[in-house]
Amino acid sequence: MKELTAPIAEIFCSLQGEGLYCGQKQVFLRFAGCNLACVYCDEPAARDAAASPMTPAEAARAIIKLARAKKARAVSLTGGEPLLHWRFIKAAAPALKKAGLALHLETNGVLYRELSKTASAADVIAMDIKLPSSTGGRAFWAEHGKFLAAAPGKTFIKTVVTSRTKLSEFKKAVDLAVAVRRGIPFFIQPATAGRGKARPPSAGFMEGARRYAALKLSAVKVLPQQHPLWGVK
Ligand code: SF4
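Source: prediction; values computed, not measured.

J.: What is the right way to read the overall build of the protein from this model?
T.: Helix and strand content of the protein: eight helices and nine strands. By the compact-globule yardstick of 17 Å for 233 residues, the protein fits well, its C-alpha radius of gyration being 17 Å. Along the longest, intermediate and shortest principal axes, the C-alpha atoms of the protein span 50 × 35 × 30 Å. Taken across its 233 residues, the protein has 41% of its residues classed as buried. Expressed as a percentage of contacts within the protein between residues at least 6 apart in sequence, the contacts between residues at least 24 apart total 76%.

Following this line, the structure appears as structure tokens:
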């Protein structure tokens, strides 16, 4: 039988620069390969699946060694799209948990079938809602809805907005979140200038978006990517 491996772009330690755990020291495992092509993607290299193959045991050993050296308590599985490698995640998770690491999954929120097979292994699910204006017009409302239903208690949402985002699609993302629960953490992330091909939205758009989200949800924050400001990965 063929050995289980996944293409790993990099393993490194840094500060989390987005979302609910912003500022927390984490080890990051970046899978290569993605099922989407977002306009604001700042990891185009990670969309290319040509990277070093590792087994789950090899990856877990490297993560644990780095976490101990850097005193990190959590590992973020990111990409690319980590759920393309859900079997690998399931296989690596027991060793990571035994080492005391919280397992965070950073995902584009589309692969709901794969999530349902892996959700029990994750402690935190950082899920994007992808707006059609950022994905070449493709809409994933049904997939996002099913994804949110798979592990609502562990999930927080991030949606990236750009100069091309329409308020109508942003409102649809908020309405999806409301259908889960009013208190689900919801981060509005303006696209970062100079990363990817997208430009940030206007101040007027941001205010309209924030106001709508805050009317419907109780845990809304505007949070731009912090790691470029801190000068870290
Ligand atoms: S889902 Fe993430 S890695 Fe994939 S294209 Fe979009 S931003 Fe890039």
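J.: Whenever I open this one, the sheet that holds strand β8 (residues 186–190) confuses me. Can you help?
T.: Backbone-to-backbone hydrogen bonds pair the strands of a sheet. The strands run either parallel or antiparallel. As summarised here, the arrangement of the nine strands in space is β3-β1-β2-β4-β5-β6-β7-β8-β9, forming an open sheet in which the pairing is mixed. The open sheet has two free edges, formed respectively by β3 (52–54) and β9 (220–222), since each of these has just one partner strand. For this sheet, the mean angle separating the axes of adjacent strands, direction not counted, is 30 degrees. Pairing between strand β6 (residues 124–128) and strand β7 (residues 155–161): four bridges, direction parallel.

J.: Please explain the nonpolar core as it appears in this structure.
T.: A general tendency of soluble globular proteins is for nonpolar side chains to be buried together. Grouped together as the largest cluster of nonpolar side chains are 61 residues, with contacts concentrated most on Ile8, Leu29, Ile63, Val75 and Phe186. It is helix α3 (residues 86–98) that contributes the most residues to this core, six residues altogether. Excluding residues within four positions of it along the chain, Val75 makes contact with Gln26, Val27, Leu29, Ile63, Ala67, Leu96, Leu101, Leu103 and His104.

J.: Can you help me understand the site of the ligand in this one?
T.: Around the ligand, the neighbouring residues are Cys34, Leu36, Ala37, Cys38, Cys41, Glu43, Ala46, Arg47, Gly79, Gly80, Glu81 and Asn108. In terms of residue class, the shell around the ligand is built from six nonpolar, three polar and three charged.

J.: How should the pairing of strand β5 (residues 102–107) be read in this particular structure?
T.: Regular strands have side chains that alternate between both faces of the sheet. As paired strands, strand β4 (residues 74–78) and β5 are joined by four bridges and run parallel to one another. Within β5, the residue paired with Val75 across the bridge is Leu103. With α3 bridging β4 and its parallel neighbour β5, the resulting β-α-β unit is right-handed. Considered for its hand, the β-α-β crossover made up of β5, helix α4 (residues 112–118) and β6 is right-handed.

J.: Explanation requested: the environment of Ser134 in the structure shown.
T.: Looking at the element boundaries, Ser134 is found in the loop between β6 and α5 (141–150). On the basis of neighbour count, Ser134 is assigned to the buried category, with 25 C-beta atoms found within 10 Å. Apart from the residues lying within four places of it in its own chain, the contact partners of Ser134 are Cys38, Val39, Tyr40, Val160 and Thr162.

J.: I would appreciate a short explanation of helix α6 (residues 167–180) in the present structure.
T.: The α-helix advances 3.6 residues per turn, and as a result positions three or four apart in sequence lie on the same side. Taking 1.5 Å of rise per residue, the 14 residues of α6 would be expected to cover 20 Å, and the 21 Å separating its terminal C-alpha atoms lies within 8% of that figure. Of the residues making up α6, those classed as buried are Phe170, Ala173, Val174 and Ala177. Taken end-on, α6 shows its buried residues confined to a sector of 95 degrees, consistent with a single buried face. For α6, the elements touching its buried residues are β7, β8 and α7 (203–216).

Conventions and cut-offs
- Residues numbered from 1 in each chain as written.
- Predicted model: local features only at pLDDT ≥ 70, side-chain atom pairs only at ≥ 80, totals over all residues.
- Helix = DSSP H or I, 4+ residues; strand = E, 2+ residues; numbered from the N terminus.
- Rg over C-alpha atoms; globule rule 2.2 N^0.38 Å.
- Buried ≥ 20, exposed ≤ 12 C-beta atoms within 10 Å, placed from the backbone.
- Contact = placed C-beta atoms within 7 Å.
- Pairing = 2+ DSSP bridges.
- Axes fitted to C-alpha atoms, helices over the stretch in contact; angles between N-to-C directions.
- Core = buried A, V, L, I, M, F, W, Y, C linked by C-beta atoms within 7 Å.
- Near = placed C-beta within 6 Å.
- Nonpolar A, V, L, I, M, F, W, Y, C, P; charged D, E, K, R; others polar.
- Right-handed = clockwise from strand over helix to strand, strands pointing away.
- Expected span 1.5 Å × (residues − 1).
- Arc of directions from axis to C-beta.

Take it as geometry only, folks, not as evidence of what the structure does.
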